[in-house]
Amino acid sequence: MAILSWPTALHFFRMNKKRQVVVLALYLSVLFSLYLVPLGMYSPCIKEAGTLGPAPALIGHRGAPMLAPENTLMSFEKAVESGGEGLETDVTIYDGVPFLMHDSTLTRTTNVAEVFPNRTHLDAAMFTWAEIQQLNAGSWFLLRDPFGTAWSLSETDRSQAQNQSVPSLAQFLEVAAASGKLVLFDLRRPPYGHPYRRSYINTTLQVVQAHINSSQQVLWLPSEDRALVSGLDPALQQTSGLKASIQELTDDGISRLNLHYSTMSQQQIKYQSVNISTNLYVISQPWLYTLAWCAGAQSVTTNSVHILSSINKPLFLMQTPDEYTLMWVLTDFVSAFLIFAIFTFHWRERGLPFVSGSRQTNDNGPYSKFRTLSDVWSISSVNVRPDLRSSPSSPSSPHLPTITEE
């Protein structure tokens with residue numbers, strides 16, 4: 001706005017009074033809005049010194065999908081190698097074998113169109129485990145390169161990615177158990193008419209109990225039959241995907257919230273006071289991770305474990321609320337001074353009252369040659385022609401051109 005004040009003031013003093021009022025009102029309304037808005041903005045990184053908590057733990061979203069095909073054993077192993085403290089996935093089931101698949105169909109992340117060309121439209125839960133094992137779940141990653149990172153893979157990694165298959169929940173849990181990582185998964189309910197529509201939760205729970213060292217590693221997200229699940233295995237960390245009052249959460253035995261990052265606020269601290277932690281998803285950019293850190297999130301689900309694990313402190317300057325306010329107030333004053341000085345300069349050079357409908361000019365100032373912008377452009381409408389008044393018999397008198405305005 002300070003930069004714009006120069007052309008604004010330049011033309012302001014050439015306008016009639018009515019236009020001056022309109023331009024000045026518009027300019028000042030925008031200017032004062034910009035002055036006041038930052039003072040009312042909220043940022044979790046504006047906080048008192050010493051109140052910053054530990055960095056949020058990193059939970060690999062479908063593993064490390066920037067380094068390997070999502071929801072494959074290679075992807076989860078890459079997340080563990082990169083420093084992830086947890087693994088997130090999606091589970092579906094058909095013939096009693098829960099397996100990992102995020103989409104409702106197999107089209108995006110497998111070669112089902114090649115193996116079962118007439119069944120590409122079917123729900124993933126309508127394939128048997130024997131059929132699922134026939135599919136390739138890695139070649140699409142190198143072909144489509146969803147994150148633009150395939151070029152960074154070594155030849156060994158590219159070869160490994162090319163030959164990935166759809167893992168079962170049991171295989172996934174074995175990776176987590178071997179590395180001692182947390183497990184978080186969505187469980188898709190089978191469609192109507194499915195043989196496991198009523199028993200899919202019990203079947204999944206049995207697999208969890210059989211393949212994980214401790215149920216405390218499992219963040220149980222499915223909300224259906226939560227009371228039954230909690231009764232069968234009290235060690236599971238009951239996790240909710242919905243915000244609720246502290247009383248409701250404690251009554252349901254919830255120990256962790258799994259929320260979209262857009263809900264982040266420092267109100268999450270109130271949950272922490274009753275031992276309810278917060279996980280935010282999906283956070284893959286360092287600046288967004290910084291905000292989650294400042295907001296007090298205990299963990300985040302991310303596509304970029306390998307990037308966020310290297311961040312040791314928030315990227316933004318930590319300031320107390322008083323320092324933040326002082327910074328903006330000083331900035332506003334400096335801006336206001338510059339703008340006032342620019343308007344004053346143009347007013348004095350023009351030689352006008354501050355608001356006037358007159359066309360008075362200062363012949364000695366820089367405005368003496370061109371009163372308006374149209375005067376500058378009038379140069380383009382001049383003709384250059386010889387002075388015909390010179391006598392042809394006067395060879396010593398050069399024919400100098402004269403400039404006349406049309």
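Residues numbered from 1 in each chain as written. Predicted model: local features only at pLDDT ≥ 70, side-chain atom pairs only at ≥ 80, totals over all residues. Heavy atoms only, no water.

### Here we look at the overall build of the chain
Per the secondary structure count, the chain includes 16 helices and eleven strands. Partitioning the contacts of the chain with sequence separation of at least 6, the portion at a separation of at least 24 is 59%. Split by element, the accessible area of the chain, about 21,700 Å² in all, is 58% carbon and sulfur. (Helix = DSSP H or I, 4+ residues; strand = E, 2+ residues; numbered from the N terminus. Contact = heavy atoms within 4.5 Å. Areas by Shrake-Rupley, 256 points an atom, 1.4 Å probe, with all protein chains shown as cover.)

### A few points about the packing of helix 1 (residues 5-12) against helix 2 (residues 17-40)
Between helix 1 and helix 2, the shortest axis-to-axis distance is 11 Å and the interhelical angle comes to 165°. It follows that helix 1 is roughly antiparallel to helix 2 by the angle criterion. Remark: the crossing between helix 1 and helix 2 carries left-handed chirality. Across the interface between the two elements, Ser5, Thr8 and Phe12 of helix 1 pack against Gln20, Val23, Leu24 and Tyr27 of helix 2. (Axes fitted to C-alpha atoms, helices over the stretch in contact; angles between N-to-C directions. Parallel < 35°, antiparallel > 145°, perpendicular 65-115°, else oblique. Left-handed = near helix turned anticlockwise from the far one by under 90°.)

### Here's the deal with the UniProt feature "transmembrane region" (unreviewed entry) in the chain
What UniProt calls "transmembrane region" (unreviewed entry) maps, in this numbering, to residues 21-42 and 326-347. With 91% helix and 0% strand, residues 21-42 has end C-alpha atoms that lie 34 Å from one another. Between the C-alpha atoms that bound residues 326-347 the distance is 31 Å, and the span itself is 100% helix and 0% strand. (UniProt positions renumbered as here; feature names shortened; annotations may be inferred.)

### Let's talk about the environment of Thr72
By secondary structure assignment, the location of Thr72 is in the loop between strand 1 (57-61) and helix 3 (73-81). On a C-alpha basis, the gap between Thr72 and Leu100 in space is 8.0 Å, while along the polypeptide they are 28 residues apart. Ignoring sequence-local partners within four residues, the contact set of Thr72 consists of Ala137, Gln164, Ser165 and Pro167.

### Notes on the nonpolar core
Ranked by size, the top nonpolar core spans 28 residues in total, and within it Leu169, Phe172, Leu173, Phe185, Val208, Ile212 and Trp220 carry the most contacts. No other element matches the seven residues that helix 8 (residues 169-179) contributes to this core. Beyond its immediate sequence surroundings of up to four residues, Leu173 is in contact with Val183, Val207, Val208, His211 and Ile212. Counting residues in each nonpolar core, the second largest holds 23 residues, with Ile254, Ile283, Leu291 and Val300 among its members. (Core = buried A, V, L, I, M, F, W, Y, C linked by side-chain atoms within 4.5 Å. Buried < 20%, exposed > 50% of the residue type's maximum accessible area, 1.4 Å probe, protein only.)

### Concerning empty space enclosed by the protein
Using the criterion set out here, one finds one cavity of 30 Å³ or more in the structure. Size it by volume and the largest cavity reaches roughly 60 Å³. Around the largest cavity, the lining residues are Glu70, Asn71, Thr72, Leu100, Met101, His102, Thr109, Ala137, Ser165, Val166 and Pro167. Here the residues of the lining of the largest cavity sort into five nonpolar, five polar and one charged. (1 Å grid on protein atoms, 1.4 Å probe; cavity = no way out; pocket = protein on both sides within 12 Å on 5 of 7 lines; lining within 4 Å. Points joined across faces, edges and corners; volume = space filled by probe spheres on them. Nonpolar A, V, L, I, M, F, W, Y, C, P; charged D, E, K, R; others polar.)

### As for the layout of surface pockets
Estimated volume of the largest pocket: approximately 300 Å³. Around the largest pocket, the lining is made up of 16 residues, and of these Leu221, Pro222, Ser223, Arg226 and Gly241 lie nearest the centre. The element best represented in the lining of the largest pocket is strand 4 (residues 182-187), accounting for three residues. Residue composition of the lining of the largest pocket, by class: eight nonpolar, three polar and five charged.

### Quick notes on unusual backbone geometry
With omega at -25°, the peptide bond leading from Tyr281 into Val282 counts as cis. Tracing the backbone through its elements, the reader meets Val282 in the loop between strand 8 (277-281) and helix 13 (286-295). Look at Asp145: it is not a glycine, yet its phi comes out positive at around 50°. In this structure, Asp145 sits in the loop between helix 6 (139-144) and helix 7 (155-162). Non-glycine residue Asp225 carries a positive phi angle of around 55°. Residue placement: Asp225 occurs in the loop between strand 5 (218-220) and helix 10 (226-232). The class of Asp225 is partly exposed, set by a relative accessible area of 43%.

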